[in-house]
Amino acid sequence: MTGIETTIVTALTNNFIGQMIKSGWEGINKNELLNKDVGQIIKEGKYLFLREYTQRYWDRHGMIKVLKMSKPMDLESIYVNVKCLGNLVRDYYDENLENKYRESKQRRFNFRDDGKKDGLLLANQEQYLMVLGDPGIGKSTFLRKVGLEALKGKQGSYQHPLTPVLLELKNFKENEINIQALIEEEFKICGFPNVEKNISNKLEKGELLILLDGLDEVPTANVYNVIEKIQDFVDRHHKNRFILSCRTAARTHLRRFTDIEIVEFDDQQIQSFIEHWFSSELDRKNETAKNCWELLQKEEYKSAKELAHTPLLLTFLCLVYDENQSFPTNRSRLYQDALRILLEKWSAEKRLPNRGLVYENLSIEQEEILLSEVAYQNFVADKLFLEKREIVKQIKDHLKQNLNAPQHLDGEKVLKTIEIEQGILVERARSVYSFSHLTLQEYLTAQYIYDNDLIEETVKNYVTETRWQEVFLLVAGLMRGKADKLLLAMEKEAHNYLTTPLGQKLVPILQWADEMTKDSVDSPIKPVGRRAIVYWLFIANANVTANANFIVTANANFIGIAIANAYAPEITYKISRIFFTPKLIDEFVQLVNLFAQNRIISKVNFSQLIADLEAFKQIIPDDKATKKEHQEFADRLVKRWNTAFNLTPKLLKLSTYKFDDINKHYFYINHLILDCQKVAVNISPTVWQEIEDRMLRIP
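Remember, predicted model here, so these are calculated numbers, not experimental data.

Chemist: Can you explain the packing of aromatic side chains? Please cite residues and give values.
Modeler: Scanning the model with the defined rule gives 32 aromatic pairs in all. With a centroid separation of 5.2 Å and 85 degrees between ring planes, the pair formed by Phe187 and Phe192 is classed as edge-to-face. As far as the burial class goes, Phe187 and Phe192 line up, both buried. One aromatic cluster is present, formed by Phe16, Trp25, Tyr47, Phe49, Tyr53, Phe187 and Phe192 through successive ring pairs. Taking the ring centre of Phe379 as reference, the NZ or CZ of Arg467 above it sits at 4.8 Å.

Spelled out as structure tokens, the structure:
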């Protein structure tokens, strides 16, 4: 044990001994414990069972090692207080869930934040507590934490001076279950004297905190027997306190017990967990926690952050970040690993019996194919919340259409098994389901598109719908045999848009941008980057021409700027920061210098333009000038600028058209092509060069 662990166990032992002195245990001399140093007694070899009990509890329940942890971590160092709801939302039918989700403008399906209470507070308040929650939400960790707090006595957050006993219900395999005998066994193993008599006394007096973990993990054949035995035991020993955990989907109502449900982490809990996880001296020095949290705030990782609301998957993300000090650009692999954790690894690590198959002969691979079809069908229909009968029908139809899938399975039982064992499909309200995370539905949808060669069809139908953006990025990351087909299909749709009535308005502007930049062959910036920059300059100039008070940064959300920014961020930033102020001339001069240095345009006499702009400084109207004089000066300045860049009145007139539609279609597709290229695993260099050469040009 480390020094820290020894200190913790010693502290727990001292508090535990205090409880034993107060409550009594036949075979323990209270006076000896009261009058002698506890450490000395232990050294003398007396009452070693007292330390053994706390040591055993700490070893089994105070240390956490899950997934790919290289070594165990103590629960105390990473634990974040869980929050719970008393009223289970999913007990009620709600036909407006889809609308409520969209109105919330979140990616998370659990958008209820009212009425949450601290889990330890509820554990102190309720004598009989049923802790419910989805897989990986932290039920077992919570029970272990309550037990540790009870062992701490007055030093802990649990306010009742009781001895904790934690039993894992997955071990209840026999038909004849004697809960008292199992509690006694916990003390016998540690060497306590007169166990049967003492445990009977403690149960009679109500001096135990009995923690029963994982009702859903009881072997199916024995579950009703276990429930009956638990209920009888609680009724006979009602003076004690009980906490029982169970997955929400498998819950059953027990007399006396108050049901609460652990809810997913909010942002504050996620940040706190990350801070606890990366708390070593080296991590503090390198600000690892801060860097990890800030990365999750970025737009490109909003889907990864969604996973972080589940503690198990947040642990997975911390392990990934710890290994790489970043998250992978290709998020497909990240989500694939997260899905596999829910599908099989979590159950395997918990050593759950008969968890290799979802339901009888349906393999994990077949289940993943089934889930991908359900995800795709409903994503296409823009349905995120699904009625139970719809999912059951989809499961039945899928099994019928798969020759190698077991045909005898009951669709409703398959759904229930997936819900209980993995939590990938979750009942949000009575008979209304969704995927546990939108991220997983998007990943499974992408997997279905890739597996079934639906790339061209999907691009044609959905490429400009923003809700499909993450799906296309995931498809690009899945295509190990080159993503050329996806990018070429997108390029085709961008070119097709130019044949539409509004797309035709864009053609002369693209031709102008191409003509202005095509001869700048020695520029360090690629041709597509130069075209994007010049197009962005056109939008900025057109707006300044139309309104002298216009601020170019109003167009910061214009996707054209994102394309330009991908190739020349410094120049793009400079264009976007131009204000029509007395300093405008200086800003224009700086911008012209950047254009000249990077040889963006070959058809402008930059030296003459800079000289003319400097000359304008000498005739800037002062504060006493009339509004008309200021306007005339602005008109002359803008005219000179537009003339230099060959921005004719006819061309500028096109700027009066609303460019929102163009932005949402033509430029959105081109920007999506760039994003997909960045995350793709495999792309032909020749194909990509050809796409770049054609981008923002008339085909």
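Following the structure, the description resumes.
Chemist: Break down the nonpolar core for me, citing the residues and quoting the values.
Modeler: Formed by 237 residues in total, the largest nonpolar core has its most connected members in Phe192, Phe595 and Phe645. Non-local contacts of Phe192, meaning those with residues more than four positions away in its chain, are made with Phe16, Met20, Trp25, Phe49, Leu50, Tyr53 and Phe187.

Chemist: How would you summarise the side chain of Glu367 if you had to cite specific residues and measurements?
Modeler: Checked against the element boundaries, Glu367 lands in helix α18 (residues 364-380). One polar contact links Glu367 to Gln422, side chain to side chain, over a distance of 3.1 Å.

Chemist: So what about the pattern of salt bridges? Which residues, and what values?
Modeler: Evaluated as defined, the whole model comprises 44 salt bridges. Close ionic contact of Glu491 with Arg694 constitutes a salt bridge, the shortest N to O distance being 2.7 Å. Residue Glu491 is located in helix α24 (residues 484-497), and its partner Arg694 is located in helix α34 (residues 685-694); the two are separated by 203 residues in the primary sequence. On the basis of relative accessible area, Glu491 is assigned to the buried category, the value being 8%.

Chemist: Please give an account of the environment of Leu386 that cites residues and values.
Modeler: Looking at the secondary structure, you find Leu386 in strand β10 (residues 386-387). With a relative accessible area of 1%, Leu386 lands in the buried category. Sequence-wise, Leu386 and Ser431 are 45 residues apart; in three dimensions their C-alpha atoms are separated by 8.4 Å. Once residues within four sequence positions are removed from consideration, Leu386 is found in contact with Val374, Asn378, Ile391, Ser431, Val432 and Tyr433.

Chemist: Quick one: what's the story with the sheet that holds strand β7 (residues 208-213), residue by residue and with numbers?
Modeler: Read from one edge to the other, the open sheet built from 7 strands follows the order β4-β3-β9-β5-β8-β7-β6, with strand pairing classed as mixed. This sheet does not close on itself; its edge strands, each paired only once, are β4 (117-118) and β6 (163-168).

Chemist: Requested: an account of the pairing of β7, with residues and values cited.
Modeler: Of all 6 residues in β7, 6 are buried; the element is thus mostly enclosed. Side chains of β7 alternate between two faces, with Leu208, Ile210 and Leu212 and Leu209, Leu211 and Asp213 buried alike. Alignment of β7 against strand β8 (residues 241-247), held across 4 bridges, turns out to be parallel. By the bridge assignment, Ile210 is partnered in β8 with Phe242. Note on the crossover from β7 through helix α11 (residues 223-236) to β8: the handedness is right-handed.

Chemist: If you had to explain α24 to someone new, which residues and values would you point to?
Modeler: Note that an α-helix has 3.6 residues per turn; residues three or four places apart therefore point the same way. Taking 1.5 Å of rise per residue, the 14 residues of α24 would be expected to cover 20 Å, and the 20 Å separating its terminal C-alpha atoms lies within 8% of that figure. Within α24, 10 of the 14 residues are buried, which leaves it mostly tucked inside the rest of the structure. Looking at α24, one finds that the buried residues are Asp484, Leu486, Leu487, Ala489, Met490, Glu491, Glu493, Ala494, His495 and Tyr497. Along its buried surface, α24 packs onto α22 (455-462), α23 (469-478), α25 (501-517), α33 (660-679) and α34.

Chemist: Describe in detail the packing of helix α9 (residues 179-190) against α11, supporting the description with residues and values.
Modeler: As a packed pair, α9 and α11 sit with axes 10 Å apart at the nearest point and diverge in direction by 75 degrees. Relative to α11, α9 is oriented roughly perpendicular. Between α9 and α11, the contacting residues are Ile179, Gln180 and Ile183 on the first element and Lys229, Ile230 and Phe233 on the second. Taken together, the residues of the contact of α9 with α11 sort by class into 4 nonpolar, 1 polar and 1 charged.

Chemist: Before we move on, can you summarise the packing of helix α30 (residues 606-617) against helix α31 (residues 627-644) with the specific residues and values?
Modeler: One way to put it is that α30 packs onto α31 with a least axis distance of 11 Å and a crossing angle of 175 degrees. The pairing of α30 with α31 is recorded here as roughly antiparallel in orientation. The residues of α31 that touch α30, namely those facing Gln608, Leu609, Asp612, Leu613 and Phe616, are Phe633, Arg636, Leu637, Arg640, Trp641 and Ala644.

Chemist: Would you mind going over a negative patch on the surface in detail, with residue names and values included?
Modeler: Negative charge collects at one region of the surface, where Asp622, Asp623, Glu629, Glu632 and Asp635 lie side by side. Inspection of the secondary structure assignment puts Asp635 in helix α31.

Chemist: How would you sum up the sheet that holds strand β12 (residues 432-435)? Please name residues and give values.
Modeler: The strand order β10-β12-β11 describes an open sheet built from 3 strands, whose pairing is antiparallel. Sheet topology places β10 and β11 (425-429) at the edges, where each strand pairs with a single neighbour.

Chemist: Requested: an account of unusual backbone geometry, with residues and values cited.
Modeler: With phi around 55 degrees, Gln325 is a residue other than glycine that occupies positive phi space. Although it is not a glycine, Leu696 sits at a positive phi angle of roughly 60 degrees. The topology assignment puts Leu696 in the segment after α34. Overall, the relative accessible area of 3% leaves Leu696 in the buried class.

Chemist: Run through the confidence of the model for the protein, naming residues and quoting values.
Modeler: In this model, the protein carries an average pLDDT of 87, and 91% of its residues clear a pLDDT of 70 or more. Of all helices and strands in the protein, the one with the weakest mean pLDDT is helix α3 (residues 38-43) (70), whereas α22 scores best (98). Low pLDDT, under 50, characterises residues 547-557; the stretch is placed with 21 contacts to residues that sit more than four places away or in other chains.

Chemist: Which residues make up the environment of Glu168, and what are the values?
Modeler: Mapped onto the elements, Glu168 comes out in strand β6. The sequence separation of Glu168 and Glu217 amounts to 49 residues, and the corresponding C-alpha distance is 8.7 Å.

Chemist: Account for the environment of Cys676, naming residues and giving values.
Modeler: Locating Cys676 in the fold gives a position in helix α33. The exposure class assigned to Cys676 is buried, which follows from its relative accessible area of 0%. Put simply, Cys676 and Cys84 are 592 residues apart on the chain and 40 Å apart in space, counted from C-alpha to C-alpha. The residues contacting Cys676, other than those within four sequence positions of it, are Phe472, Leu473, Ala476, Leu486, Leu487 and Met490.

What counts, and where the lines are drawn
- Residues numbered from 1 in each chain as written.
- Predicted model: local features only at pLDDT ≥ 70, side-chain atom pairs only at ≥ 80, totals over all residues.
- Heavy atoms only, no water.
- Phe/Tyr/Trp six-rings, centres within 6.5 Å; stacked < 30°, edge-to-face > 60°.
- Buried < 20%, exposed > 50% of the residue type's maximum accessible area, 1.4 Å probe, protein only.
- Lys NZ or Arg CZ within 6 Å of the ring centre and 35° of its normal.
- Core = buried A, V, L, I, M, F, W, Y, C linked by side-chain atoms within 4.5 Å.
- Contact = heavy atoms within 4.5 Å.
- Helix = DSSP H or I, 4+ residues; strand = E, 2+ residues; numbered from the N terminus.
- Polar contact = N/O pair within 3.5 Å; in protein donor to acceptor, adjacent residues only side chain to side chain.
- Salt bridge = Lys/Arg side-chain N within 4 Å of Asp/Glu carboxyl O.
- Pairing = 2+ DSSP bridges.
- Right-handed = clockwise from strand over helix to strand, strands pointing away.
- Expected span 1.5 Å × (residues − 1).
- Axes fitted to C-alpha atoms, helices over the stretch in contact; angles between N-to-C directions.
- Parallel < 35°, antiparallel > 145°, perpendicular 65-115°, else oblique.
- Nonpolar A, V, L, I, M, F, W, Y, C, P; charged D, E, K, R; others polar.
- Patch = residues over 30% accessible without salt bridge, like charges linked within 9 Å, V, L, I, M, F, W, Y side chains within 5 Å.
- Areas by Shrake-Rupley, 256 points an atom, 1.4 Å probe, with all protein chains shown as cover.
- Lys, Arg positive; Asp, Glu negative; His and termini not counted.
- Charge placed at Lys NZ, Arg CZ, Asp CG, Glu CD.
- pLDDT = per-residue confidence, 0-100.

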